[in-house]
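Each chain, written out:
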Amino acid sequence: MIRCTDVHKSYRLGDRTVPAVRGATLQIDKPGFYGLMGPSGSGKSTLLHLLAGLDRPDEGEIDVDGKRLDTLNEAGLTAYRRESIGIIFQQFNLISTMSARENVALPGILAGKNERELSARADDLLSRLGLEGRGDHRPDALSGGEQQRVAIARALLFEPSLILADEPTGNLDSASSERLWALLADVARERDTTILMVTHEPAAAAHCRTVYCIRDGVISGHINTEDLDASGVAAEYQRLGRSA
């Protein structure tokens, strides 16, 4: 499903070259809810953007579902982002003048799909995510948690085998965050989908099946979260940091 091999990515900052990912290697073979956990500046969001085809590695190979992203041209990457994956951002990225239904259907509309079928599909997804009857509401009439569920429905529109989530609860309160983490775990299990979530929170990571730890741009180990709560994940994370 996901295979990164010795991936490097640096950025220019003025006259300096700043390394973000420094030889990351990661392999995920089975569907499930996975975490990518690390402190600020560890390279976790950069690696997620590389997996999303939003950026290109300087070196290394990235294979997602049989597609070598590091060899695709811009048209290929655009098609990959539109058809093969779903992306959930921290900022929701909903269009304020559009209804929840229209926001969910938008990727399909841009791809030239049938609008009536897209509308029915959007309503079905909203209903399954607990937003039945909210399809006509614009984002400003929805709570933060409801807006994020609209964003999840949009990510599920084309039934992708991979969903990438970049700190999706960063703008939510703790109760809404807990509900959303549980919802993502349910989506991964019920739809046989792989969800990879970037986080720095042990409470979020505790909902994942396995958590991959990244430090200084390198995957430093992983945590099997079975039978671990947030404090247990935090302790394992600190232990991996001491042994790195």
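As a reminder, the structure under discussion sits directly above these lines.
Let me sum up the structure you'll find in this document. (Residues numbered from 1 in each chain as written. Predicted model: local features only at pLDDT ≥ 70, side-chain atom pairs only at ≥ 80, totals over all residues. Heavy atoms only, no water.)

On to the environment of alanine 234. Mapped onto the elements, alanine 234 comes out in helix 8 (residues 230–243). Counting along the chain gives 31 residues from alanine 234 to alanine 203, while the straight-line C-alpha distance between them is 8.5 Å. (Helix = DSSP H or I, 4+ residues; strand = E, 2+ residues; numbered from the N terminus.)

What follows concerns the sheet that holds strand 3 (residues 32–37). A sheet is described by the order of its strands in space; here 6 strands give the open sequence 6-7-8-3-9-10, paired in mixed fashion. The sheet is open, and its two edges are formed by strand 6 (85–88) and strand 10 (218–224), each paired on a single side. Ignoring which end each strand starts from, the neighbouring axes of this sheet average 20° apart. Bridging between strand 9 (residues 210–215) and strand 10 involves 6 bridges; their strand directions are antiparallel. (Pairing = 2+ DSSP bridges. Axes fitted to C-alpha atoms, helices over the stretch in contact; angles between N-to-C directions.)

On to helix 4 (residues 115–128). Since the α-helix turns once every 3.6 residues, residues separated by three or four places project in the same direction. Over its 14 residues, helix 4 runs 20 Å from end to end, which matches the ideal 20 Å to within 8%, given 1.5 Å per residue. When helix 4 is considered as a whole, its buried residues turn out to be Leu118, Arg121, Ala122, Leu125 and Leu126. Each buried residue of helix 4 lies within a common arc of 135° when the element is viewed along its axis, so the set occupies one face. Facing away from the buried side of helix 4 by over 90 degrees, the exposed positions are Arg116, Glu117 and Arg128. Capping of helix 4 at its N-terminal end is provided by asparagine 114; its side-chain oxygen lies 3.0 Å from the backbone amide nitrogen of arginine 116. (Expected span 1.5 Å × (residues − 1). Buried < 20%, exposed > 50% of the residue type's maximum accessible area, 1.4 Å probe, protein only. Arc of directions from axis to C-beta. Polar contact = N/O pair within 3.5 Å; in protein donor to acceptor, adjacent residues only side chain to side chain.)

Time to look at the pairing of strand 6. Here strand 6 shows two buried faces, one formed by Ile85 and Ile87 and the other by Gly86 and Ile88. As paired strands, strand 6 and strand 7 (residues 162–166) are joined by 4 bridges and run parallel to one another. Directly across from isoleucine 87, in strand 7, lies its bridge partner leucine 164.

With that out of the way, let us pick up the layout of surface pockets. Of the voids in this model, the largest pocket is the one considered here, and its volume is about 460 Å³. If you go around the largest pocket, you meet 19 residues; those closest to its centre are Arg81, Arg82, Ile87, Pro107 and Arg154. Looking at the lining of the largest pocket, the elements that each hand over two or more residues are helix 2 (74–83), strand 6, helix 3 (100–110) and helix 5 (144–155). With 4 residues, helix 3 is the single largest residue contributor to the lining of the largest pocket. Of the residues belonging to the lining of the largest pocket, the class tally is 12 nonpolar, 4 polar and 3 charged. Space inside the second largest pocket adds up to approximately 160 Å³. What lines the second largest pocket is Leu129, Ser143, Gly145, Glu146, Arg149, Leu172, Ser176, Arg179, Leu180 and Leu183. Mapped by element, the contributors of at least two residues to the lining of the second largest pocket are helix 5 and helix 6 (174–190). Sorting elements by how many residues they give to the lining of the second largest pocket places helix 6 first, with 4 residues. Grouping the constituent residues of the lining of the second largest pocket by class yields 4 nonpolar, 3 polar and 3 charged. (1 Å grid on protein atoms, 1.4 Å probe; cavity = no way out; pocket = protein on both sides within 12 Å on 5 of 7 lines; lining within 4 Å. Points joined across faces, edges and corners; volume = space filled by probe spheres on them. Nonpolar A, V, L, I, M, F, W, Y, C, P; charged D, E, K, R; others polar.)

Here serine 99 is to be found in the loop between strand 6 and helix 3. Take serine 99: its relative accessible area is 8%, and that puts it in the buried class. Only 3.4 Å separates the side chain of serine 99 from the backbone oxygen of glycine 135, close enough to count as a polar contact. Not counting residues up to four positions away in its chain, the partners in contact with serine 99 are Gly135, Asp136, His137 and Arg138. (Contact = heavy atoms within 4.5 Å.)

Purely spatial values, then, with no claim about function.
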